[in-house]
Amino acid sequence: FTTEPLPISIVITVQREVGYRLAADPGTKEYGALTLLARLHAGKPEIVRELPPVAFHPPPKVHSLAIRFVPQPDPLGSSEKRKQFFRVVRASFRQRRKQIRNALANAGELELDSGQARRALLACGVEPVRRGETLTVEEFIALTDSIEQVKAGG
């Protein structure tokens, strides 16, 4: 967000399936990069209410959700770190059923081998056998930092 001060909250209406993806918990099939984008900037979105098609005129063919976001300062700080964060997220979700160590090592854009991926994961407290879909936004931020340190030789 670029406004100062940040709004207290923002309520939006979206298609129900999108809303559930925005508010998904780690480890669920709805959890993914869209969820992490929302959480990065607004914590855990709160589903306020489901809206049936008859709540609108003309009524759409889909159900909707009203979702509340509470904007938060950007925890990444720089555009380069944000780009790296989403490289890590994409690599982790590209092959959802793989263990995160293998998903990271197989992602050419990260330029990590399996040993480096394992070291980066262990350094930030993430077990290498977990799947990317189980990591919280805070764990992804820590992993992004850890990968940079491992690649720098630290």
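Residues numbered from 1 in each chain as written. Predicted model: local features only at pLDDT ≥ 70, side-chain atom pairs only at ≥ 80, totals over all residues. Heavy atoms only, no water.

### Points about the sheet that holds strand β2 (residues 46–51)
Moving on, step 1. As summarised here, the arrangement of the three strands in space is β1-β3-β2, forming an open sheet in which the pairing is antiparallel. Each of the sheet's edge strands pairs with one partner strand only, and the pair in question is β1 (10–15) and β2. Pairwise comparison of adjacent strand axes, ignoring direction, gives a mean angle of 25 degrees for this sheet.
Moving on, step 2. As defined by bridge partners, β1 adjoins strand β3 (residues 64–69) across six bridges and the pair is classed as antiparallel. Across the sheet, Ile12 pairs through a bridge with Ile67, a residue of β3. (Pairing = 2+ DSSP bridges. Helix = DSSP H or I, 4+ residues; strand = E, 2+ residues; numbered from the N terminus. Axes fitted to C-alpha atoms, helices over the stretch in contact; angles between N-to-C directions.)

### As for the pairing of β3
Moving on, step 1. Taking burial as the measure, the six residues of β3 include five buried ones, the bulk of the element.
Moving on, step 2. As paired elements, β2 and β3 share five bridges and run antiparallel to each other. Bridging across to β3, Arg49 finds its partner in Ala66. (Buried < 20%, exposed > 50% of the residue type's maximum accessible area, 1.4 Å probe, protein only.)

### Describing the packing of aromatic side chains
Moving on, step 1. For the coordinates displayed, the defined rule picks out four aromatic pairs.
Moving on, step 2. The interplanar angle of 55 degrees and the centroid separation of 6.1 Å between the aromatic rings of Tyr31 and Phe93 together place this pair among those described as tilted. Separated by 62 residues along the polypeptide, Tyr31 in the loop between α1 (16–22) and α2 (33–42) and Phe93 in helix α3 (residues 79–94) bring together distant segments of the chain. For the pair Tyr31 and Phe93, one class covers both residues: buried.
Moving on, step 3. What links up through ring pairs into an aromatic cluster is the set Tyr31, Phe85, Phe86, Phe93 and Phe140. (Phe/Tyr/Trp six-rings, centres within 6.5 Å; stacked < 30°, edge-to-face > 60°.)

### Examining the packing of α2 against helix α6 (residues 137–151)
Moving on, step 1. Two elements in contact, α2 and α6, have axes whose closest approach is 10 Å; the angle formed by their N-to-C orientations is 90 degrees. Judged by the inter-axis angle, α2 sits roughly perpendicular to α6. Counted together, Leu36, Arg39 and Leu40 of α2 and Val137, Phe140 and Ile141 of α6 form the full contact between these two elements.
Moving on, step 2. Of the residues in the contact of α2 with α6, the class split is five nonpolar, no polar and one charged. (Parallel < 35°, antiparallel > 145°, perpendicular 65-115°, else oblique. Contact = heavy atoms within 4.5 Å. Nonpolar A, V, L, I, M, F, W, Y, C, P; charged D, E, K, R; others polar.)

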